Amino acid sequence: MIPSLIATDLDGTLLRADGTVSARTEEALRRAEDAGVCIVFVTGRPPRWMGAVTKAVGPHGIAICSNGGALYDVRRQELLETYPMHADDALAAVLALRSALPEVSFAFEYPDGFSHEPAYPRTLWDMDAADRVAPAEEILAGPAGHQVFKLLAKHPSLDPDEFLRLGRELVGEYGEVTRSAAVAMLEISAPGVSKASALARWCAAREIPAERVVAIGDMPNDLPMLAWAGTGYAVANAHPEVLAATSRHTAGHDEDGVAQVIETLLA
């Protein structure tokens, strides 16, 4: 049965290693939309990084960004909704992580942009566009403090999976803690906010049941979405935990695994 909706992650899943959408994948997405299937990008990327997929986004133009923290109109470059952390929770998470792991540094995503601490590594390609560079406590005490929909915590040397385990243990009461990068970087959103929660809201508004949804992903931040959807796929290059959690696998992102899933579903 052809699904009503296909939800796909971007980096490591739909996008190739060079960050592009292949011609085969673009064609598969177009064919799916022509067949009446809604395609929704569900990504950890912040809204400002969505320009790379403008051509590939479906007719509705909407993407779920920042692990469910933001709903974004890619075509109009308009932020539609955000689900921010409570400022007290964000500060408590910062203090708890810093107390246990003093080498951790922080960055913050919010509607008007992002800010980071002076020690935060230059891992983002638009670091020079930061609105503010200051200690986390000062950033959270300002106007952005009540608007943060994604808190990033970076450790210089820990194993990424060990950092995730510690992060959930230390600050899981203050927000949803996950990861999607190959380095030790935590992504923290408000309690209950995840790719799954945002996708569930999107589908409920359109009366699309979970069993009519196919989801595809590769990293721990995709696990809630893959579990919620009626059918979940992992790409071959996925994190071992994601491969173990899904019974359906497809080719890797550089072999157009998402396109292969779509082509099979439409066949």
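Structure shown above.
So, here is what we can say about the structure in this document. (Residues numbered from 1 in each chain as written. Predicted model: local features only at pLDDT ≥ 70, side-chain atom pairs only at ≥ 80, totals over all residues. Heavy atoms only, no water.)

1. Quick look at the overall build of the chain
Here comes step 1: If you tally the helices and strands in the chain, you get eight helices and 14 strands.
Here comes step 2: Taken over C-alpha atoms, the radius of gyration comes to 18 Å for the chain, in line with the 18 Å a tight globule of 267 residues would show.
Here comes step 3: In the chain, which comprises 267 residues, the proportion classed as buried is 56%.
Here comes step 4: In the chain, 55% of the contacts between residues at least 6 apart in sequence involve partners at least 24 apart.
Here comes step 5: Accessible area of the chain: about 11,100 Å², with a carbon and sulfur share of 52%.
Here comes step 6: Treating the 22 positive side-chain charges of the chain as one cloud and the 37 negative ones as another, the clouds have centres 5 Å apart. (Helix = DSSP H or I, 4+ residues; strand = E, 2+ residues; numbered from the N terminus. Rg over C-alpha atoms; globule rule 2.2 N^0.38 Å. Buried < 20%, exposed > 50% of the residue type's maximum accessible area, 1.4 Å probe, protein only. Contact = heavy atoms within 4.5 Å. Areas by Shrake-Rupley, 256 points an atom, 1.4 Å probe, with all protein chains shown as cover. Lys, Arg positive; Asp, Glu negative; His and termini not counted. Charge placed at Lys NZ, Arg CZ, Asp CG, Glu CD.)

2. Section: helix H4 (residues 160-171)
Here comes step 1: With 12 residues, H4 extends 16 Å between its outermost C-alpha atoms, agreeing within 8% with the 16 Å of an ideal straight helix rising 1.5 Å per residue.
Here comes step 2: For H4, the complete set of buried residues consists of Pro160, Phe163, Leu164, Leu166, Gly167 and Val171.
Here comes step 3: Tucked into the core, H4 has its buried residues touching helix H2 (87-100), strand E9 (150-154), strand E10 (176-178) and strand E11 (185-189).
Here comes step 4: Where H4 begins, the side chain of Asp159 points an oxygen toward the backbone nitrogen of Asp161, at a separation of 3.0 Å. (Expected span 1.5 Å × (residues − 1). Polar contact = N/O pair within 3.5 Å; in protein donor to acceptor, adjacent residues only side chain to side chain.)

3. Re the sheet that holds E11
Here comes step 1: Pairing within the open sheet is mixed, and its six strands lie in the order E8-E7-E6-E9-E11-E10. Because the sheet does not close on itself, it has two edges, and the strands there are strand E8 (132-133) and E10.
Here comes step 2: Examined bridge by bridge, E10 and E11 share three bridges and lie antiparallel to one another. Counted as the bridge partner of Val177 is Ile188 from E11.
Here comes step 3: The strands touched by H4 within the sheet are E9, E10 and E11, with E10 carrying the most contacts at an inclination of about 170°. (Pairing = 2+ DSSP bridges. Axes fitted to C-alpha atoms, helices over the stretch in contact; angles between N-to-C directions.)

4. A look at the environment of Asp73
Here comes step 1: Checked against the element boundaries, Asp73 lands in strand E4 (residues 70-73).
Here comes step 2: When its relative accessible area of 7% is taken as the criterion, Asp73 is described as buried.
Here comes step 3: Taking the C-alpha atoms as reference, Asp73 lies 9.5 Å from Met50; in sequence the two are 23 residues apart.
Here comes step 4: Not counting chain neighbours up to four residues away, the residues in contact with Asp73 comprise Gly61, Ile62, Glu78 and Leu80.
Here comes step 5: Polar contacts involving the side chain of Asp73 include one to the main-chain amide nitrogen of Arg75, which spans 3.2 Å.

5. Points about the side chain of Thr178
Here comes step 1: You can see Thr178 is positioned in strand E10.
Here comes step 2: On the basis of relative accessibility, which here comes to 11%, the residue Thr178 falls in the buried class.
Here comes step 3: Within the structure, the side chain of Thr178 is placed 3.1 Å from the backbone nitrogen of Asn221, a separation counted as a polar contact.
Here comes step 4: For Thr178, the residues in contact, after removing those within four places along its chain, are Asn67, Leu164, Arg168, Met185, Leu186, Glu187, Pro220 and Asn221.

6. Some points on the pattern of salt bridges
Here comes step 1: One pass over the full model with this rule turns up 17 salt bridges.
Here comes step 2: Residues Arg48 and Glu109 are paired through a salt bridge, measuring 2.5 Å at the closest nitrogen-oxygen approach. Pair noted here: Arg48 is in the loop between strand E2 (38-42) and strand E3 (62-65) and Glu109 is in strand E6 (residues 105-110), with a separation of 61 residues, a long-range link.
Here comes step 3: According to the relative accessible area criterion, Arg48 is partly exposed, its value standing at 32%.
Here comes step 4: Salt-bridge contacts for Glu162 lead to Arg165; the nearest nitrogen and oxygen are separated by 2.7 Å. Here Arg165 and Glu162 lie together in helix H4, a separation of three residues that amounts to about one turn.
Here comes step 5: Salt bridges here are not isolated pairs; linked through shared partners, they connect Asp9, Lys195 and Asp222. (Salt bridge = Lys/Arg side-chain N within 4 Å of Asp/Glu carboxyl O.)

7. Describing the layout of surface pockets
Here comes step 1: Computed from the structure, the largest pocket encloses a volume of approximately 610 Å³.
Here comes step 2: What lines the largest pocket is a set of 30 residues, and nearest its centre among them are Asp11, Arg45, Trp49, Ser180 and Ala181.
Here comes step 3: Mapped by element, the contributors of at least two residues to the lining of the largest pocket are E9 and E11.
Here comes step 4: Here the lining of the largest pocket is composed, by residue class, of 11 nonpolar, nine polar and 10 charged. (1 Å grid on protein atoms, 1.4 Å probe; cavity = no way out; pocket = protein on both sides within 12 Å on 5 of 7 lines; lining within 4 Å. Points joined across faces, edges and corners; volume = space filled by probe spheres on them. Nonpolar A, V, L, I, M, F, W, Y, C, P; charged D, E, K, R; others polar.)

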